[in-house]
Amino acid sequence: MTRPTRPLRFQRFLAAALTALALSPLLSGCAGPQVQDYAQEQPALDLKQYFNGPMQAHGIFTDRSGKVVKRFVVDMQASWKGNEGTLDERFTYSDGTKQTRIWYLTDHGNGRYTGRADDVVGTAEGQTAGNAFRWAYTLALPVDGRVWHVQFDDWMYLMDQRTMLNKAVMSKFGIRLGEVTLSFTKP
């Protein structure tokens, strides 16, 4: 008695699936940087120290193609009471519009932070190591009369005691929509 043969399409699918499974550990190692990759970088970032008092940031939003869509300035005032912090951000965009976002931050120790804001869906999660801070959250972003929930993969790098650079990738359903780039300066 002969065994029925499977269609060639199914055999190709099965071979591709098995190859993908075999390669997945190798590919996941290439997933991108982790905050611990910066553990030895200096100057060490103390988030509670840097985000304390007045500061200003200048930034741009670029679309997927890299075109600058908006420029903005952010005036900020930050303060901490124990492990609870407040970061009051006042945005002024190049088209004249204004926006306010107030972050309520919690220091959980060991470089772990969480945060909330009115336009953040759920809780933001962050981790520091060395001079870097990685911050991940979902933002409710108004676009053309609708609200989109977009994910931010937000990286900050302390350059010196006055300057921090920030680059955030914005995506939806895993599709990169654009980037936000900021330069923070303390007086």
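### Focus: the overall build of the protein chain
No. 1: When its secondary structure is counted, the protein chain shows two helices and ten strands.
No. 2: Reading the secondary structure of the protein chain in the N-to-C direction produces α-α-β-β-β-β-β-β-β-β-β-β.
No. 3: Expressed as a percentage of its 187 residues, the buried residues of the protein chain come to 35%.
No. 4: Summing over all exposed atoms, the protein chain offers an accessible surface of approximately 11900 Å²; the carbon and sulfur share of this is 56%.

### Points about the nonpolar core
No. 1: Judged by nonpolar contacts, the single largest core of 35 residues is most densely connected at Phe51, Trp103 and Phe184.
No. 2: Among the elements that line this core, the one with the most residues is strand E2 (residues 68-81), at five residues.
No. 3: Apart from residues no more than four positions distant in its own chain, phenylalanine 51 is found in contact with Ala78, Ser79, Trp80, Leu87, Met156, Met164 and Phe184.

### What to know about the packing of aromatic side chains
No. 1: According to the stated counting rule, one finds 15 aromatic pairs in the structure shown.
No. 2: Note on phenylalanine 72 and phenylalanine 91: the rings are 6.0 Å apart at their centroids and 50 degrees apart in plane angle, and the pair reads as tilted. One end of the pair, phenylalanine 72, is in strand E2; the other, phenylalanine 91, is in strand E3 (residues 84-93), with 19 residues separating them in the sequence.
No. 3: Phenylalanine 72 sits in the buried class, given a relative accessible area of 8%.
No. 4: Considering the side-chain rings of tyrosine 137 and phenylalanine 152, the 5.1 Å spacing of their centres and the 5 degrees angle between planes classify their relative orientation as stacked. Here tyrosine 137 is found in strand E7 (residues 132-143), whereas its partner phenylalanine 152 is found in strand E8 (residues 146-158), with 15 residues between them in sequence. For the residue pair tyrosine 137 and phenylalanine 152, the accessibility class agrees, reading buried in each case.
No. 5: What links up through ring pairs into an aromatic cluster is the set Trp80, Trp103, Tyr113, Phe133, Trp135, Tyr137 and Phe152.
No. 6: The residue whose ring lies beneath lysine 172 is phenylalanine 173, and the NZ or CZ to ring-centre distance is 4.4 Å.
No. 7: Its end group placed over the ring of tyrosine 50, lysine 186 keeps NZ or CZ at 5.3 Å from the ring centre.

What counts as what
- For every chain, the first residue of the written sequence is number 1, and numbering continues from 1 along that sequence.
- For a predicted model such as this one, the threshold for reporting local features is a pLDDT of at least 70, and the threshold for listing and counting side-chain atom pairs is 80 or more; totals across whole chains, interfaces and linings nevertheless cover every residue.
- Side-chain numbers here rest on the full set of heavy atoms in the structure, without hydrogens or water.
- Here a helix means four or more residues in a row that DSSP labels H or I, a strand means two or more in a row labelled E, and each is numbered from the N terminus.
- For every residue, the accessible area (1.4 Å probe, protein chains only) is compared with the maximum for its type, and the residue is labelled buried under 20%, exposed over 50%, or partly exposed between those bounds.
- Here the Shrake-Rupley method, with its probe set to 1.4 Å, supplies the accessible areas, and only the displayed protein chains count as covering residues.
- By nonpolar core is meant a set of buried Ala, Val, Leu, Ile, Met, Phe, Trp, Tyr and Cys residues that side-chain atoms within 4.5 Å join together.
- We call two residues in contact when some of their heavy atoms are within 4.5 Å.
- Between the rings of Phe, Tyr and Trp (Trp by its six-membered ring), a pair exists once the centres lie within 6.5 Å; its type follows the angle of the planes, with under 30 degrees stacked, over 60 edge-to-face, and the other angles tilted.
- Here, a charge over a ring is recorded when the distance from Lys NZ or Arg CZ to the ring centre is within 6 Å and its angle to the ring normal is within 35 degrees.

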